[in-house]
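Residues per chain are reported as follows:
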Amino acid sequence: MPTFVDMFAGAGGFSEGFLQAEEQGKYFDFLLAGDINPTCEVTHRLRYNRQLGLATEFLTKDITSPDYIEELYAKIEKTFGQVAIDVLTGGPPCQSFSLAGERRKNDKKDDLFFYYLKVIEAIRPKYFVMENVAGILTKDDGKIKDRILREIRNIVDYSALEDFIVICDENMSKIMMMPEKEELIMALKVLKISLKQNALAVQRRKDYLEIVKEIDRMPLDDNKKDFARKALLESKNKIVCYELELFCNELSSKFIEAYRNNKSVSEDDRNVIRQALYLISHQTELTNIREKVKHEINDSQLKRSIYKKNFDSVTDFLDIADIADVAIKQCNFLISVAEDAKAKQTTEIVKMALDILFEGVYATTSRILKILQQHLSDEEYSLFKEKMKKVPLYRVKEPISLLASDYGVPQNRVRVVFIGCRNDQRLITSIPATVTEEHKVTAAEAIGDLNYIGIGDHPYDYDKKYRNKFEKTVHGSIKRTIVGALSNQEAGEECHTFSEWSRIGRLNPKRFPNIETPLYTSANCFDEYDEFNIQKEVLHNHETSKHSKEVQERYALIRKYGDYQVAKEKEPDNPLLETKKRNYTCLKKDKPCTTIVTLADDFVHYGANRSLTVREMARLQSFDDNFVFQGKRSTGGDKRKQETPQYTQVGNAVPPLMARAIAAEILKNIE
């Protein structure tokens, strides 16, 4: 069966949806989930290890850590052996890409999308899914989206790249006859450097894992083993690529020779190029230093510090791409002032080399192909083109916009997914809706049976009398398939109301016949987990806030007009509406709700003067009732840095039914 790993897993929306999905007798085997938040590990382990009895691993670790990929490999191998990862899912935090708020320089969240790409490049799954907010499509006039697509296309199939280089080398006699031979030879050298850099990185990762195992077997105490691991980690990414050094040294020597005894250009102006080439040849060392500075900015919480600007400038100076940009601008200046033809020509060659070094493999192979097309016959050119097509490891046509309510989720949550398809797999360009526009699941269908709860109440079971009464109403009697489509008696599919599906669960009972009674712990990390403090109850996470009389009256007023802003317009002088909150969302019983967020008091229940419970928000996200969110119900202040409360876990999750639809489409296509 195909396997999957869920990165940035949070509470487990992707995890849950992928475990629900089954197509043509295929389903997913869940290997590992990862997240930086320890409370999410508690939620995952109690759900998947304890409740469902799976062997799934969890990696609580910062994806920017220098040994992240190695530890991910080690955890999977320890439990499952040498197994391939077929699908990688993840929704890197979207704050830096959101339409709301301002992008902060060196905010750790800003780079997580691209660390995710590094994991994809190392693991090489058949498919990967990246989920984000809709605003990513228009952020920076679409430049962020274009950058992501460009980065995806620069994930290289190195065996295919080697084949492309071989066919170029075999036709070197033809290439040497072309006017652009200098550019072609330069581009091929850079591709060979990329090939070597990848081989070095793969070998270093393998060596690191083997040496760690050796350290673990040594008869040393834990302190000495820890010291040895840290020393090994310190040198792990210090990879010297001699081919890159030789390339830069050759360029530097040519440049120095061209400007020897040249009085028209100052030594300082020339040194900019020479120094840049030296720095580029030692780029791994600079990148390692830059990463350490960025970690220090976040670890020392310099976000609002007077030191922040100085630390930011350090990361700017160490950015190898910025170093190259400075050098390219300097080349343009030297070309404009050079009086000597040889100096000018050599500077143009250096500039071309810098452009090629930093444009990415996909752009470089495209560059070569564009030149060859001008000089080869159609038949000859087609051979190169076919080889080049296989160089990008992944294909992705365009990001796909998804509306959660199209997939049986009672919520109009818009999200964007990039689905990368490895070049030996079928391309996925859409996720078919499971629910028609006129038959979407409403808020009342989803949570109507749970409104027996009072203010400040915390029941641990359903109210059967209330449920029977609700099921006689219009919203409580609508039968649907498991994915939200209206019941079709002739189809023979199992059908229940949405609330019934939530209570009985959407996982296949044949695959999970012995799901344990829902469990809850208040522990915020797995080290605090204590078997004696576990609660086993029919229903968890269904607790209301202890609203004051004033808050209840405010909610009643908002419900009266159905909208907070309308209430303010109708009763501008009403003191009940004088609050620091900018807005409230009042649920409409006969429509899907708006996007669920992490703050419960942003929402007003359509049928009660209160905010929503965690369980009600979970229903609106399409989580089953036996999926329990662990840890504290809510928290605030500095505690948010160590704790991920239940409301945050729910609000940040991918709706499982939407994830299920994505998983089903992958299962239909995966080979």
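The model shown is predicted, which means the values in this text are computed figures rather than measured ones.

S.K.: Explanation requested: the overall build of the chain in the structure shown.
M.R.: Scanning the chain from N- to C-terminus turns up 25 helices and 14 strands. On C-alpha atoms alone, the chain measures out to a radius of gyration of 29 Å, which is about the 26 Å that the 2.2 N^0.38 rule sets for 671 residues. Along the longest, intermediate and shortest principal axes, the C-alpha atoms of the chain span 95 × 60 × 55 Å. Per-residue burial over the chain gives 51% buried out of 671 residues. Expressed as a percentage of contacts within the chain between residues at least 6 apart in sequence, the contacts between residues at least 24 apart total 74%. Total accessible area computed for the chain in this model is approximately 31,800 Å², and 49% of it derives from carbon and sulfur atoms. Both charge centroids of the chain, one from 101 positive and one from 104 negative side chains, sit 2 Å from each other.

S.K.: Help me out: how do you make sense of the pairing of strand 1 (residues 3-7) in this one?
M.R.: Looking along a regular strand, one sees the side chains alternate between the two faces of the sheet. For strand 1, the tally of buried residues reaches 5 of 5 residues, placing the bulk of the element in the interior. In the sheet, strand 1 pairs with strand 6 (residues 87-90) via 4 bridges, with the strands oriented parallel. Paired with Met 7 across the strands is Gly 90, a residue of strand 6.

S.K.: Teacher, can you tell me more about the pattern of salt bridges here?
M.R.: Where charged atoms from two side chains of opposite charge approach closely, those side chains can pair. All chains considered together, the criterion is met by 45 salt bridges. Between Glu 359 and Arg 367 there is a salt bridge, and its shortest N-O distance comes to 2.9 Å. Among the charged side chains, a salt-bridge network with shared partners connects Asp 449, Glu 471, Arg 503, Arg 619 and Asp 625.

S.K.: Looking at this structure, I do not really get helix 17 (residues 378-389). What am I missing?
M.R.: Along an α-helix, residues three or four positions apart point the same way, because every turn accommodates 3.6 residues. Between its terminal C-alpha atoms helix 17 stretches 16 Å, which fits the 16 Å expected from 12 residues at 1.5 Å a residue. Here helix 17 has its buried residues at Tyr 381, Phe 384 and Met 388. One side of helix 17 carries all its buried residues, which in axial view fall inside an arc of 60°. Along helix 17, exposed side chains directed more than 90 degrees from the buried face belong to Glu 379, Leu 383 and Lys 389. Where helix 17 is buried, its residues touch helix 6 (158-170) and helix 16 (361-375).

S.K.: Would you take a moment to explain the environment of Asp 216 for this structure?
M.R.: Looking at the element boundaries, Asp 216 is found in helix 8 (residues 181-217). The sequence separation of Asp 216 and Ile 85 amounts to 131 residues, and the corresponding C-alpha distance is 25 Å. Asp 216 has contacts with Lys 225 and Arg 229, leaving out every residue within four places of it along the chain. In terms of polar contacts, Asp 216 uses its side chain to reach the side chain of Arg 229, at 2.6 Å.

S.K.: What is the right way to read the packing of aromatic side chains from this model?
M.R.: One pass over the full model with this rule turns up 18 aromatic pairs. Ring geometry for Phe 113 and Phe 418: centres 6.3 Å apart, planes at 80°, overall edge-to-face. You can see Phe 113 sitting in helix 4 (residues 112-123) and its partner Phe 418 sitting in strand 10 (residues 414-422), a full 305 residues away along the chain. Neither Phe 113 nor Phe 418 differs from the other in exposure class; each is buried. Ring centres of Tyr 555 and Tyr 584 lie 5.9 Å apart, and the angle between their planes is 85°; on these two criteria the pair is classed as edge-to-face. Taken together, the residues span a long stretch of sequence, with Tyr 555 in helix 21 (residues 549-561) and Tyr 584 in the loop between helix 22 (564-570) and strand 13 (585-586) at a distance of 29 residues. Accessibility expressed as a relative area gives 2% for Tyr 555, which makes it buried. The exposure class assigned to Tyr 584 is buried, which follows from its relative accessible area of 6%. A cation over a ring is seen here: Lys 236 above Tyr 208, with NZ or CZ 5.8 Å from the ring centre. Positioned above the aromatic ring of Tyr 462, the side-chain terminus of Arg 503 is 5.9 Å from the ring centre.

S.K.: In this structure, what is going on with the packing of helix 1 (residues 13-20) against helix 25 (residues 656-669)? I would like to understand it.
M.R.: Two elements in contact, helix 1 and helix 25, have axes separated by 7 Å at closest approach and are oriented at 50°. Between helix 1 and helix 25, the interaxial angle falls into the category oblique. You can see that helix 1 and helix 25 cross each other, and the crossing is right-handed. Contacts between helix 1 and helix 25 involve Gly 13, Phe 14, Glu 16, Gly 17, Phe 18 and Gln 20 on the former and, on the latter, Pro 656, Leu 657, Ala 659, Arg 660, Ile 662, Ala 663 and Ile 666. Residue composition of the contact of helix 1 with helix 25, grouped by class: 8 nonpolar, 3 polar and 2 charged.

S.K.: What am I meant to see in the state of the cysteines here?
M.R.: Chemically, a disulfide is nothing more than a covalent bond linking the sulfur atoms of two cysteines. Summed over all chains, the structure comprises 0 disulfides. Considering cysteine sulfurs only, Cys 248 is the nearest to Cys 331, which forms no disulfide, with 12 Å between them.

S.K.: I'm lost on the confidence of the model for the chain in this one. Help?
M.R.: Low pLDDT marks regions whose predicted coordinates should not be analysed in detail. Here the chain shows a mean pLDDT of 92. Residues at 70 or above account for 96%. Low pLDDT, under 50, characterises residues 97-104; the stretch is placed with 20 contacts to residues that sit more than four places away or in other chains.

Rules behind the numbers
Residues numbered from 1 in each chain as written. Predicted model: local features only at pLDDT ≥ 70, side-chain atom pairs only at ≥ 80, totals over all residues. Heavy atoms only, no water. Helix = DSSP H or I, 4+ residues; strand = E, 2+ residues; numbered from the N terminus. Rg over C-alpha atoms; globule rule 2.2 N^0.38 Å. Buried < 20%, exposed > 50% of the residue type's maximum accessible area, 1.4 Å probe, protein only. Contact = heavy atoms within 4.5 Å. Areas by Shrake-Rupley, 256 points an atom, 1.4 Å probe, with all protein chains shown as cover. Lys, Arg positive; Asp, Glu negative; His and termini not counted. Charge placed at Lys NZ, Arg CZ, Asp CG, Glu CD. Pairing = 2+ DSSP bridges. Salt bridge = Lys/Arg side-chain N within 4 Å of Asp/Glu carboxyl O. Expected span 1.5 Å × (residues − 1). Arc of directions from axis to C-beta. Polar contact = N/O pair within 3.5 Å; in protein donor to acceptor, adjacent residues only side chain to side chain. Phe/Tyr/Trp six-rings, centres within 6.5 Å; stacked < 30°, edge-to-face > 60°. Lys NZ or Arg CZ within 6 Å of the ring centre and 35° of its normal. Axes fitted to C-alpha atoms, helices over the stretch in contact; angles between N-to-C directions. Parallel < 35°, antiparallel > 145°, perpendicular 65-115°, else oblique. Left-handed = near helix turned anticlockwise from the far one by under 90°. Nonpolar A, V, L, I, M, F, W, Y, C, P; charged D, E, K, R; others polar. Disulfide = S-S within 2.5 Å. pLDDT = per-residue confidence, 0-100.

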